[in-house]
Amino acid sequence: MSEAKKPEPRVLPYVLAINEGIRTVLREQDDSFLAGEDVAAAGSVYGYCGGLLDEFGSRRVIDTPISEKGIMGLGVGASATGCRPIIDLMFMDFLGECMDEVANQMAKMRFMFGGKATLPVTVLTMGGAGGGMAAQHSQSLEAWLAHLPGMKVVMPSDAYDAKGMIIAAARDDNPVFVVLNKQSLAMSMEVPEESYEVPIGEAVVRKQGTDLTIVAFGRMVHEALDAAEQLKDVGLNVEVIDARSVQPFDTATVVASIKKTHRALIVHEAVKFGGIGGEISAQIQEEAFDYLDAPIMRVAAPFSPVPFSPALEKLYIPNAAGIVTKVKETLGL
Amino acid sequence: MAQAKKKTAAKKAAAKKTATRSTKKSVVKKSATKKVAAKSTKKSVVKKSAAKKVAAKSTKKSVVKKPAAKKVAAKARKAPRTVAKKGASNKGPSNATLKAMHLKMLRIRRFEERAGKLMEDGKVPGALHLYVGQEAVASGVMQHLSNEDWITSTHRGHGHLVAKGGEFKPMFAELFGRSTGYCNGKGGSMHISNMDLGMLGANGIVGGGPPIAMGAAFSNQFKGNKNVSIAFFGDGASNEGSVHEAANMAALYKLPCVFVCENNGYGEYTPQADHQAIVDVADRASGYGMPGVICDGMDVMAVYEAAGEAIERARSGGGPTLLECKTYRYYDHVGIRGMGLTYRTDEEVEAWKKKDAINSFEKRLIQLGVMSRKQLDALDAAIGEELEEAIQYASDSPYPTPDQLLEDVYYVKGA
Ligand SMILES: Cc1ncc(C[n+]2csc(CCOP(=O)(O)OP(=O)(O)O)c2C)c(N)n1
Ligand SMILES: [Mg+2]
């Protein structure tokens, strides 16, 4: 996958931006390596590791057995002892196979060791429904990870952020999960060729507005922006914030927005109950209760496993139409 | 998607190991009428085998007949592991059994071919992992089971369900996501299941099945019935911790469980030589403390006999067995395309197709006078008609209704 050098501006799909992010890290950091199932010879099932084996060789781009516990343990052990691993967890759902390494080892080791261990490990994983992949290949489990003190979690919503967040994650000396989205792989935009970071822990206002603030995560940012367009037609001007980072969460940017709009709607693809939206809602109330003119609302998936049937999956995944409805409801329209 | 890659040392080693693998296979075939004894050096292993089970002495070549109930100490260096014999049983299966196994294989093959085609035509959402090439394994094992016996399947699960008695109509309906499907359209290919048939589900999680099969075997033992459970899993899955934990517990509790490893030489796009340092998954049996058996997974009779022995042992309280069936998937990991792939050669595919389980078994059926070519063709045609009817049924079936989304998340009394 050796892309010919083109003059700027250069447009890249999300999938190739991920590739470039990993490639940049492997070029910049001699102690880094990439390990995961089918990442080397096959270039990953999503194609985002294409060409990496060719460029970096089998010492640094490593096909592993189907052993998520082992793979994640590799990341913990190697990062604690001087390497900077990039671990690929093919589907976020497979967290179930390796949650001990993630939750009890990776996230806690530094603290438990009194600060004597440093774990600069980056985990790339793929979340999200929409492809008829059913209950075990479609989940959005970022709240599981964000609940772990010691863990950082980011959700790049577009190609630019995907590249920049992978680089930022790899430069961070903490464990960072980069939660990618499989429905976004073909989504293209301008992506600089040079190395750059998208800072972890900073939200960004994607669209300015005055009537209500939508805080969206991952691919839901695009649904929120669609909804914002539709709402223009009925004379509403909503602000859309891309949270980008789940842990740490950028409360300040959100609160500043709400002090302006006085209303908040949180959108994520994960199920509503126990989803990160509940936490954000609580933080807003703690910090900006007096500024609120309406209850904080949420749009999220219903409390069910992701259904296979396309008829149900369509209903399951939050979308722009649902956001429009909820915005109007919040505004009493 | 997959990139062309340079030949690395690992790749070359892989090719070498693959070669070893196919050689081994033919050895398995040739020594089919013999039981080859395994060796072991570890004293504790010897002790254990002595206390628990039969084992063999002597070198690989010698034939040791396993005494039915007697316990013989092992002096082998690899713990009890045998190569399954083929066609050595005196009381061969009846013609009805032969026909039933053939029917299972053919039904699986035609179902999968059709399903794959439908996926390519965009009629089936999601991912289909097809079983074409491996039919002998499901058919030979399932021939010994009733609906009371449990199986757990894999992401490549249609074949197991068809062999367990799955019907085409609700299967296609499930693949199409319709409410008339086995799982009301909520599970799809990767979660297709039927509890009434003793089928505890395909599984989207590699290595997800074996612990569940172990639990089902526990349930059978707990209730004191004679039912068994079978865990199907792949060579790739054999590297999951869940498989090791399930096998250890099954051996420890002497559960009526058979672990059937369908070694098709690849986990997704990674050849076996690149995902584990062993050639025979059955080697691990000694580490669990159960017999390990290898059989030719392209020969339904070999599978039938090896599985029969293991299942009989499980039913009669003799505990679990690890049965490794050497097999091959003709298609790609997902979908149909089988040839022109970067991770394996067309020659390799062709070589395996020459050993096709259905072709060779049909020849045998004709030779034995069990069925004529004409009867076989008629059967094939009838299956074809049944398939088209089922596809029509599935296409005409309704999708689940919105209220079904929140249904069955929990068991609700009286609902
Ligand atoms: C826990 C988990 N890890 C990874 C995957 C992705 N995956 C699906 S099938 C497969 C290969 C499985 O190989 P094997 O067990 O040999 O079965 P085969 O596909 O050859 O039938 C992989 C890696 C998964 N579904 N679940
Ligand atoms: Mg396999």
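Here the structure is a predicted model, which is why all the values come from computation and not from measurement.

## Side note on the overall build of chain A
Phase 1: The number of helices and strands found in chain A is 12 helices and 14 strands.
Phase 2: Seen along its three principal axes, the alpha-carbon backbone of chain A occupies a region of about 60 × 50 × 40 Å.
Phase 3: When contacts within chain A are restricted to residue pairs at least 6 apart in sequence, those whose partners lie at least 24 apart make up 82%.
Phase 4: Accessible area of chain A: about 12,000 Å², with a carbon and sulfur share of 54%.
Phase 5: Looking at chain A, you have 29 positive and 43 negative side-chain charges, and the mean spots of the two groups are 2 Å apart.

## Digging into the domain arrangement of chain A
Residues and elements named next belong to chain A.
Phase 1: Entries for chain A in the domain assignment read domain 1 (11–190) and domain 2 (204–330).
Phase 2: Inspection of the domain 1/domain 2 interface yields 3 salt bridges.
Phase 3: The partner of Arg 206 in a salt bridge is Asp 161, with the nearest N and O atoms 2.9 Å apart.
Phase 4: Where domain 1 packs against domain 2, one counts 13 residue pairs in polar contact (both at pLDDT 80 or more).
Phase 5: Counting residues per element, the ones that place at least two in the side of domain 1 that touches domain 2 are α6 (142–146), β6 (152–154) and α7 (159–171).
Phase 6: Tallied by class, the residues present in the side of domain 1 that touches domain 2 amount to 12 nonpolar, 10 polar and 4 charged.

## So, the coordination of the magnesium ion (ligand 2)
Residue and element names in this part refer to chain B.
Phase 1: Looking at the magnesium ion (ligand 2), one finds its protein donor set to be Asp 235 (OD), Asn 264 (OD1) and Tyr 266 (O), positioned 2.0 to 2.1 Å from the metal centre.
Phase 2: Sequence spacing of the donor residues for the magnesium ion (ligand 2), all on one chain, is D-x28-N-x1-Y. Taken together, the positions of Asp 235 in the loop between β3 (229–234) and α8 (241–252) and Asn 264 in the loop between β4 (257–263) and β5 (266–267) put the pair 29 residues apart, joining distant regions of the chain.

## What to know about the environment of Pro310(A)
Phase 1: Mapping Pro310(A) onto the fold places it in helix α11 (residues 310–316).
Phase 2: A relative accessible area of 28% places Pro310(A) in the partly exposed class.
Phase 3: Residue contacts for Pro310(A): discarding those within four places in its chain leaves Pro125(B), Phe176(B), Gly177(B) and Tyr399(B).

## Description of the packing of helix α3 (residues 95–120) of chain B against helix α4 (residues 135–142) of chain B
Residue and element names in this part refer to chain B.
Phase 1: At a minimum axis distance of 9 Å, the contact between α3 and α4 shows a crossing angle of 140°. It follows from the interaxial angle that α3 and α4 lie oblique. In this structure, the crossing between α3 and α4 has a hand that is right-handed. On α4, the residues touching Met 101, Lys 104, Met 105, Ile 108 and Arg 109 of α3 are Glu 135, Ala 136, Ala 138, Ser 139, Gly 140 and Met 142.
Phase 2: When its residues are assigned to classes, the contact of α3 with α4 shows 6 nonpolar, 2 polar and 3 charged.

## Examining the environment of Ala288(A)
Residues and elements named next belong to chain A.
Phase 1: Within the element layout of this structure, Ala 288 appears in helix α10 (residues 276–288).
Phase 2: Residue Ala 288 is classed as buried on the basis of its relative accessible area, which comes to 1%.
Phase 3: Taking C-alpha positions, Ala 288 is 6.5 Å from Val 255, a pair spaced 33 residues apart along the chain.
Phase 4: When residues no more than four places from it in sequence are discounted, the contact partners of Ala 288 are Val 255 and Ile 258.

## Observations concerning the state of the cysteines
Residue and element names in this part refer to chain B.
Phase 1: Evaluated as defined, the whole model comprises 0 disulfides over all chains.
Phase 2: Cys 325 supplies the cysteine sulfur nearest to Cys 261, a cysteine that is in no disulfide, at a spacing of 8.0 Å.
Phase 3: We classify Cys 261 as buried; its relative accessible area is 0%.

## Looking at the interface of chain A and chain B
Many structure descriptions define interface size as the accessible area lost when the parts assemble.
Phase 1: With 39 residues of chain A in contact, the opposing surface of chain B contributes 41 residues.
Phase 2: Carbon and sulfur atoms make up 63% of the surface buried where chain A meets chain B, a total of about 3,300 Å² over both sides.
Phase 3: Together, Ile66(A), Phe308(A) and Leu312(A) form the three largest contributors to the area buried by chain A at its contact with chain B, with a combined 20%.
Phase 4: At the surface where chain A touches chain B, the tally comes to 0 salt bridges.
Phase 5: There are 10 residue pairs in polar contact (both at pLDDT 80 or more) connecting chain A and chain B.
Phase 6: With 5 residues, α11(A) is the largest single contributor of residues to the side of chain A that touches chain B.
Phase 7: For the side of chain A that touches chain B, the per-class residue count stands at 23 nonpolar, 11 polar and 5 charged.

Rules and cut-offs
Residues numbered from 1 in each chain as written. Chains lettered and ligands numbered in written order. Predicted model: local features only at pLDDT ≥ 70, side-chain atom pairs only at ≥ 80, totals over all residues. Heavy atoms only, no water. Helix = DSSP H or I, 4+ residues; strand = E, 2+ residues; numbered from the N terminus. Contact = heavy atoms within 4.5 Å. Areas by Shrake-Rupley, 256 points an atom, 1.4 Å probe, with all protein chains shown as cover. Lys, Arg positive; Asp, Glu negative; His and termini not counted. Charge placed at Lys NZ, Arg CZ, Asp CG, Glu CD. Domains from an automatic or database assignment. Salt bridge = Lys/Arg side-chain N within 4 Å of Asp/Glu carboxyl O. Polar contact = N/O pair within 3.5 Å; in protein donor to acceptor, adjacent residues only side chain to side chain. Nonpolar A, V, L, I, M, F, W, Y, C, P; charged D, E, K, R; others polar. Donors = N, O, S within 2.8 Å, 3.2 Å for Na, K, Ca; no water. Buried < 20%, exposed > 50% of the residue type's maximum accessible area, 1.4 Å probe, protein only. Axes fitted to C-alpha atoms, helices over the stretch in contact; angles between N-to-C directions. Parallel < 35°, antiparallel > 145°, perpendicular 65-115°, else oblique. Left-handed = near helix turned anticlockwise from the far one by under 90°. Disulfide = S-S within 2.5 Å. Buried area = accessible area lost by both parts, 1.4 Å probe.

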